[in-house]
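Chain and residue survey
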Amino acid sequence: MKKQTLFIVLLILSLALSACGASSELDRNREKWESSGVSHYRFELTISCFCPFMDIIPVVVEVKDGKILSMTGADGKPLTGDFRATFEEAGTVEALFAIAQANLAEADEVEITYDPQYGYPAAIKVDRIKLAVDDEISYYIGSFKVLE
């Protein structure tokens, strides 16, 4: 009985410490992003999931001062309606940091790759419930370009 209790305590401790490590990595990269001074940028956003919008990705997003200026699908047309609302949730670097932070706290498995120059989350892979099917979602940032 004591071995089981010790094992459970060690398991909980190791999970807590690994979560702290991921969070501090997120914080370091958020600081890198904030200190970069980038306020106007464009990037391609791909959201990969069991979703109905595969024909419009990647979406080109332009952001200035934390506000989305435009969102254009792969077909060159501006996004509207539900598709726009879905992509707006991840449409700024600040929103991507928020997605990463929330999933680090709640999801079973999260893998984040950060841009080495600016620190923004270049890829966020989330498996919310490890034993569930079709709940995975990933966010990919490509062709990031600083404007102005």
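Residues numbered from 1 in each chain as written. Predicted model: local features only at pLDDT ≥ 70, side-chain atom pairs only at ≥ 80, totals over all residues. Heavy atoms only, no water.

**Describing the pattern of salt bridges**
A complete count under the given rule lists six salt bridges for this structure. For E88, the salt bridge is made with R84, and the minimal N-O distance between the two is 2.8 Å. Of the two residues, E88 and R84 are both situated in helix α2 (residues 81-88); the distance of four residues between them amounts to about one turn of the helix. For K125, the salt bridge is made with E111, and the minimal N-O distance between the two is 3.9 Å. Of this pair, K125 sits in strand β5 (residues 121-127) while E111 is found in strand β4 (residues 109-114), placing the two residues 14 residues apart along the sequence. What makes E111 partly exposed here is its relative accessible area of 46%. It is possible to trace a salt-bridge network through shared partners that takes in E109, D127 and K130. (Salt bridge = Lys/Arg side-chain N within 4 Å of Asp/Glu carboxyl O. Helix = DSSP H or I, 4+ residues; strand = E, 2+ residues; numbered from the N terminus. Buried < 20%, exposed > 50% of the residue type's maximum accessible area, 1.4 Å probe, protein only.)

**A look at the sheet that holds strand β1 (residues 40-49)**
The antiparallel open sheet is built from six strands, whose spatial order is β3-β2-β1-β6-β5-β4. Among the strands making up the open sheet, the edge pair consists of β3 (67-72) and β4. Averaged over neighbouring strand pairs, the angle between their axes works out to 20 degrees when direction is ignored. Most of the contacts of α2 go to β3, to which it runs at about 130 degrees, and overall it touches β1, β2 (59-64) and β3. Against the sheet, helix α3 (residues 93-106) contacts β1, β4, β5 and β6 (136-146), and its axis sits at roughly 30 degrees relative to β5. (Pairing = 2+ DSSP bridges. Axes fitted to C-alpha atoms, helices over the stretch in contact; angles between N-to-C directions. Contact = heavy atoms within 4.5 Å.)

**Some remarks on the environment of E109**
With respect to the helices and strands, the residue E109 is situated in strand β4. Residue E109 is classed as partly exposed on the basis of its relative accessible area, which comes to 40%. A distance of 3.2 Å separates polar atoms of two side chains, one belonging to E109 and the other to K130. (Polar contact = N/O pair within 3.5 Å; in protein donor to acceptor, adjacent residues only side chain to side chain.)

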